[in-house]
Amino acid sequence: EAGVAQSPRYKIIEKRQSVAFWCNPISGHATLYWYQQILGQGPKLLIQFQNNGVVDDSQLPKDRFSAERLKGVDSTLKIQPAKLEDSAVYLCASSIRRGQGVEQFFGPGTRLTVL
Amino acid sequence: SQQGEEDPQALSIQEGENATMNCSYKTSINNLQWYRQNSGRGLVHLILIRSNEREKHSGRLRVTLDTSKKSSSLLITASRAADTASYFCATVPRGTSYDKVIFGPGTSLSVIP
């Protein structure tokens, strides 16, 4: 079974520039998550999709971050314009339900450096 | 906001020793999960314990859950150098209609050969 794919793996940009990340979840997984992980911290949920609808974007800085999930499969996360504090690893995950619980599968992440 | 808090923040042990990490959380949960993250690699799901369970085992891992204290512990027995990683507890809050997963700040474990 193929895992969660993300690209690019690394990105370096200047502040105020734009950047986009792509995620392809595991086939058949209805739920897709984007997390931001700052060095030394745990992942912070930015946005969660159920199929192609947003179920939680309460911690997404909507003035600069946007995300979409086309046809309930692939997803893109965009930052425009980027700030220095956006430097982090952006993790995409998809999930399935196992019994009473949910198990997430994570991609390798995109490491963003904003200069 | 982060629901869980791991303790300690960092732990260093000798190979062969046991490692114990604790997690405390704030609100009622459906289940609690532990994940591992190796340096430069992605997060990997280790074990899930439901709110009506008290203890669960998987290989060298033992997880306990005390819902009255809103806390969990992860025990890794007979540690190996390959166990060096960051360990995160993640909770699924009760009352959400979707599978929201909230991570704590993690414990960094170093196993010295």
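Quick summary incoming for the structure in this document. (Residues numbered from 1 in each chain as written. Chains lettered and ligands numbered in written order. Predicted model: local features only at pLDDT ≥ 70, side-chain atom pairs only at ≥ 80, totals over all residues. Heavy atoms only, no water.)

1. Thoughts on the overall build of chain B
Rules: Under the DSSP-based scheme used, a helix requires at least four consecutive residues in state H or I and a strand at least two consecutive residues in state E, with every element numbered from the N terminus. Put simply, the radius of gyration uses C-alpha atoms, and a globule should come to 2.2 Å times the residue count raised to 0.38. Between buried and exposed lies partly exposed: a residue is buried under 20% and exposed over 50% of the maximum accessible area for its type, with that area taken using a 1.4 Å probe on protein chains only. Contacts were defined at the residue level, with two residues in contact if any of their heavy atoms lie within 4.5 Å. Per-residue and other accessible areas were derived by the Shrake-Rupley procedure at a 1.4 Å probe size, with only the shown protein chains allowed to occlude residues.
Helix and strand content of chain B: 0 helices and 11 strands. For chain B, the N- to C-terminal ordering of α and β elements is β-β-β-β-β-β-β-β-β-β-β. The C-alpha radius of gyration computed for chain B amounts to 14 Å, which stays within 12% of the reference 13 Å derived for 113 residues, consistent with globular compactness. If one aligns the C-alpha atoms of chain B with their principal axes, the spans along those axes are about 45 × 30 × 20 Å. A total of 113 residues make up chain B; the buried ones form 50% of that total. If you take every contact in chain B between residues at least 6 apart in sequence, the share linking residues at least 24 apart comes to 55%. Put simply, chain B shows about 5,200 Å² of open surface, and 45% of that area lies on carbon and sulfur atoms.

2. Remarks on the packing of aromatic side chains
Quick note on the threshold: Within 6.5 Å between ring centres, the rings of Phe, Tyr and Trp (the latter by its six-membered ring) count as paired, and their orientation is classed by plane angle as stacked under 30 degrees, edge-to-face over 60, tilted in between.
This model, assessed by the stated rule, comprises 9 aromatic pairs over all chains. With a centroid separation of 5.0 Å and an interplanar angle of 25°, the aromatic rings of Phe21 of chain A and Tyr90 of chain A are classed as stacked. With Phe21 of chain A in strand E3 (residues 19–24) and Tyr90 of chain A in strand E9 (residues 88–98), the pair connects residues that are 69 residues apart, well separated along the chain. On the basis of relative accessibility, which here comes to 0%, the residue Tyr90 of chain A falls in the buried class. One aromatic cluster is present, formed by Tyr33, Tyr35 and Phe106 of chain A together with Tyr35, Phe88 and Phe103 of chain B through successive ring pairs.

3. Quick word on the interface of chain B and chain A
Rule in force here: Buried area: the accessible area, evaluated with a 1.4 Å probe, that two parts lose upon being put together, summed over both parts. The salt bridge definition used is simple: a Lys or Arg side-chain nitrogen within 4 Å of an Asp or Glu carboxyl oxygen. Polar contacts here mean pairs of N or O atoms no more than 3.5 Å apart (in protein, one a potential hydrogen donor and the other a potential acceptor; neighbouring residues in sequence count only if both atoms are side-chain atoms). Gly counts as polar in this scheme, as do all residues outside two lists: the nonpolar Ala, Val, Leu, Ile, Met, Phe, Trp, Tyr, Cys and Pro, and the charged Asp, Glu, Lys and Arg.
Taken residue by residue, the interface counts 21 residues in chain B and 23 residues in chain A. Summing both partners gives a buried area of about 1,800 Å² for chain B against chain A, and 46% of it is carried by carbon and sulfur. Broken down residue by residue, the surface that chain B buries against chain A is led by Leu43, Tyr98 and Asp99 of chain B, which jointly contribute 31%. Across the chain B-chain A interface, the total number found is 2 salt bridges. The shortest N-O distance in the salt bridge between Lys100 of chain B and Asp56 of chain A comes to 2.9 Å. For the pair chain B and chain A, the number of links is 8 residue pairs in polar contact (both at pLDDT 80 or more). Across the side of chain B that touches chain A, the residue classes tally to 9 nonpolar, 9 polar and 3 charged.

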